[in-house]
Amino acid sequence: MTKDTLNVGLDTDKNAIDIAIAEPLPKGEVRYYGKIANDKTALLRVVKRLQKDGRPLRVCYEAGPCGYAIHRWLTDVAGVTCEVVAPSLIPRRSGDRVKTNRRDCLSLAKLLRAEELTAVWVPDPAHEAMRDLTRARAAAVADLVRCRQRLGSLLLRQHVRYAGKPWTKKHRAWLGRLAFPAPAHRLLMVELLEALDQTQARRDRFNAHIAELAPRWSLAWLVDALQVLRGYALINATTIVAEIGDVRRFANPRQLMDYVCLTVSEHSTGERVRRGRITKAGNGRARKALVEAAWTYTHPAKGAKTTAAQATPALRAIADKARHRLSARYRKLRARGKLAPVAVTAMARESLGFIWAIAQAAAPAPAPHGRR
């Protein structure tokens, strides 16, 4: 960043963009520039006006529901340095109780000038499309869980119980044969079963779409490589890669663990050390998939073999080491009195080290380390 770089903060919403600019230090002023429509033409017009006499710009805005379109307009079309910043890592004063778009863009401009903002990783359009597909599949799974809960609640209220394993084909046939005396209950059962079947069919279609598109994805090599690990079948592996991206951009496994925020919180002062739960400040979807996969390591390590079709000896060695190490760690933590969810979360954190190692071993070509 040169001495005459103009720092620009954008606060975006569905219809408008508020703009603030911060002149370089030491005596540069921070002022509100104005509001424009959330439109490519309007934004590029303002950028061109601010770039008069060839002055370099540095722009930032918060990650949010408006996506990365503004970032791509500025970087690809205007050639401007743009950062999408993590909202949870923006410094905020505890006593500040006033929040407006104008104040937010002014704050962003000042913090950008002070180098106090953390930029998020911006995926390319193809990666973003695959991530949207995996998130839509996760939403369908959540809808399916709610449908099952509604059915289970109805049966529980009517004291109707099923003796076998629930949510199998046999259980579904049993649900279809149920008959309630009240007409309202019969109609309700029909509607709930129809919603269940439709949601399950939608989830299965998403599974098929992911299976079809994943092999043609630029990170298909990483999805294939992760499947050597226990608990990482196609859907889970694709979800992890879609949410985190190419893990080779992290210099070491600890950076990857910090990115997913599977690290414990701490509130220590003086000689007193107090550690609590994990911070949960990172990608929640990736963290959920990692924890779900970690539950498979609660079973004994012996007898489990990799199911990946084309696993190299190096990848198999990493998978075998992960299988034995994580299973042993779970037993050790449980023997120390740790609750099962706590032990599994610790294994999920440690599994990121094996994921990083697999990415290094399976990489088709060297990739430079970039920012997170």
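Structure: above.
Summary of the structure given here.

Each value, and the rule that gives it
Residues numbered from 1 in each chain as written. Predicted model: local features only at pLDDT ≥ 70, side-chain atom pairs only at ≥ 80, totals over all residues. Heavy atoms only, no water. Helix = DSSP H or I, 4+ residues; strand = E, 2+ residues; numbered from the N terminus. Buried < 20%, exposed > 50% of the residue type's maximum accessible area, 1.4 Å probe, protein only. Contact = heavy atoms within 4.5 Å. Areas by Shrake-Rupley, 256 points an atom, 1.4 Å probe, with all protein chains shown as cover. Core = buried A, V, L, I, M, F, W, Y, C linked by side-chain atoms within 4.5 Å. Pairing = 2+ DSSP bridges. Axes fitted to C-alpha atoms, helices over the stretch in contact; angles between N-to-C directions. Parallel < 35°, antiparallel > 145°, perpendicular 65-115°, else oblique. Nonpolar A, V, L, I, M, F, W, Y, C, P; charged D, E, K, R; others polar.

Here we look at the overall build of the protein
Link 1 in the chain: Across its full length, the protein carries twelve helices and seven strands.
Link 2 in the chain: Projecting the C-alpha coordinates of the protein onto the three principal axes gives extents of approximately 75 × 55 × 50 Å.
Link 3 in the chain: Across the 372 residues that make up the protein, the buried fraction comes to 42%.
Link 4 in the chain: For the protein, contacts bridging at least 24 residues in sequence account for 65% of all contacts bridging at least 6.
Link 5 in the chain: With the model as given, the accessible surface of the protein reaches about 21000 Å², and the carbon-plus-sulfur share is 54%.

Some thoughts on the nonpolar core
Link 1 in the chain: Grouped together as the largest cluster of nonpolar side chains are 53 residues, with contacts concentrated most on Leu229, Ile244, Leu290 and Leu352.
Link 2 in the chain: Those elements giving two or more residues to this core turn out to be helix 4 (125-157), helix 6 (183-213), helix 7 (220-226), helix 8 (234-244), helix 9 (253-260), helix 10 (284-294), helix 11 (313-335) and helix 12 (340-362).
Link 3 in the chain: The biggest single contributor to this core is helix 12, with eleven residues.
Link 4 in the chain: Setting aside anything within four residues of it in sequence, one finds leucine 229 in contact with Tyr297, Ala319, Ala322, Ile355 and Ile358.
Link 5 in the chain: Formed by 24 residues, the second largest nonpolar core is a distinct cluster that contains Leu6, Ile36, Leu50 and Cys82.

Regarding the sheet that holds strand 1 (residues 6-12)
Link 1 in the chain: Overall, mixed pairing links the five strands, which are arranged 3-2-1-4-5 in an open sheet. Lying at the two open borders of the sheet, with one neighbouring strand each, are strand 3 (30-37) and strand 5 (81-85). Pairs of neighbouring strands in the sheet enclose a mean axial angle of 25°, with direction left out of account.
Link 2 in the chain: Pairing geometry for strand 4 (residues 57-62) and strand 5, over five bridges, is parallel. Bridge pairing in strand 5 links arginine 58 to threonine 81.
Link 3 in the chain: Against the sheet, helix 1 (residues 40-50) contacts strand 1, strand 2 (16-22), strand 3 and strand 4, and its axis sits at roughly 150° relative to strand 3.
Link 4 in the chain: Contacts from helix 3 (residues 101-113) reach strand 1, strand 2, strand 3, strand 4 and strand 5, with the element oriented near 145° to strand 1.

Considering the side chain of arginine 131
Link 1 in the chain: Following the sequence through the fold, arginine 131 ends up in helix 4.
Link 2 in the chain: Once you skip the residues sitting within four places of it in the chain, arginine 131 turns out to touch Tyr68, Pro123, Ala242 and Glu243.

Considering the packing of helix 10 against helix 12
Link 1 in the chain: For the pair helix 10 and helix 12, the least separation of the axes is 8 Å and the interaxial angle reads 105°. On the basis of the axis angle, helix 10 is roughly perpendicular to helix 12. On helix 12, the residues touching Leu290, Val291 and Ala294 of helix 10 are Val344, Met347, Ala348, Ser351, Leu352 and Ile355.
Link 2 in the chain: Of the residues in the contact of helix 10 with helix 12, the class split is eight nonpolar, one polar and no charged.

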